Amino acid sequence: MVICRGELVLRNPTNEQLADCLGFNESIDQTQMRDVVIIGAGPAGLAAAVYGASEGLDVLVLETSSPGGQAGSSSRIENYLGFPTGISGRELAGRAYTAGGEVRRADAHRQGDATHV
């Protein structure tokens, strides 16, 4: 059970329901020019977002599932840069989200050889 923003009670919510509740699934303003758009919020995408945002760039991360990618569900990630004693995937994703750019859920679909978001 999750109480979202002190107003809404979600029982056994899906990732999409949680993202909606937290405002991650708001529509993307396609007229807004971004400095960097990153496809995928795995460890590499989150790191790129953190470094881009730290340089003052307007960063947008598109992800179809949840921040952290497959690593986000790992109980322990060892030998990751900056965490010599290890870190959980959830904590890594949370720290990157806090420090990084804007993360949006995007449904990607394939058409021919190109992926459109």
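One structure accompanies this document, and this report is about it. What you see as residue numbers is a count from 1 along each chain, following the sequence as written. Residues qualify for local features only when their pLDDT is at least 70, as the model is predicted, and side-chain atom pairs are given and counted only at 80 or more; totals for whole chains, interfaces and linings, by contrast, use all residues. Based on all heavy atoms of the structure, the side-chain values leave hydrogens and waters out of the count.

**Overview of unusual backbone geometry**
Formally: Going along the chain from the N terminus, every DSSP run of H or I of four or more residues is numbered as a helix, and every run of E of two or more is numbered as a strand. Here's how the labels work: a residue is buried when its accessible area is under 20% of the maximum for its type, exposed when over 50%, partly exposed in between, all with a 1.4 Å probe on protein chains only.
The phi dihedral of N12 is positive, around 50°, even though this residue is not glycine. Mapped onto the elements, N12 comes out in the loop between β2 (8–10) and α1 (15–22). Look at N12 and you get exposed, because its relative accessible area is 70%.

**Overview of a nonpolar patch on the surface**
Condition: Like charges within 9 Å and nonpolar side chains (Val, Leu, Ile, Met, Phe, Trp, Tyr) within 5 Å are joined into patches, using only residues over 30% in relative accessible area that form no salt bridge. Each accessible area value is a Shrake-Rupley result obtained with a 1.4 Å probe; residue values ignore everything except the protein chains displayed when judging cover. Each salt bridge in this description consists of a side-chain nitrogen of Lys or Arg and a carboxyl oxygen of Asp or Glu lying within 4 Å of one another.
Together, M1, I3 and V9 give the surface a local cluster of nonpolar side chains, amounting to about 340 Å² of exposed area. Mapped onto the fold, V9 is located in strand β2. V9 sits in the partly exposed class, given a relative accessible area of 41%.

**Details of the state of the cysteines**
Applicable threshold: To count as a disulfide, a pair of cysteine sulfur atoms needs to be within 2.5 Å.
If you walk through the whole model with that rule in mind, you get one disulfide. With a sulfur-sulfur separation of 1.5 Å, C4 is cross-linked through a disulfide to C21. Looking along the S-S bond of the C4-C21 disulfide, the torsion reads about -140°, which is the left-handed sense. A residue pair is termed long-range when its members are at least 10 positions apart, and C4 in strand β1 (residues 2–4) and C21 in helix α1 qualify at 17 residues. Like C4, the residue C21 is buried in the burial classification.

**Things to note about helix α2 (residues 43–54)**
So the rule is basically this: Helix span is expected to be 1.5 Å times the residue number reduced by one. Within this analysis, the arc is defined by the directions that extend from the helix axis to the C-beta atoms.
An ideal rise of 1.5 Å per residue puts 16 Å on 12 residues; α2 measures up with 16 Å between its terminal C-alpha atoms. By the burial criterion, the buried members of α2 are G45, L46, A49 and G52. In an axial view of α2, the angular spread of the buried residues amounts to 130°, which keeps them on one side of the axis. Along α2, the residues that are exposed and aim more than 90 degrees away from the buried face are A44, Y51 and S54. Phi turns positive, to about 85°, at G56, one or two residues after α2.

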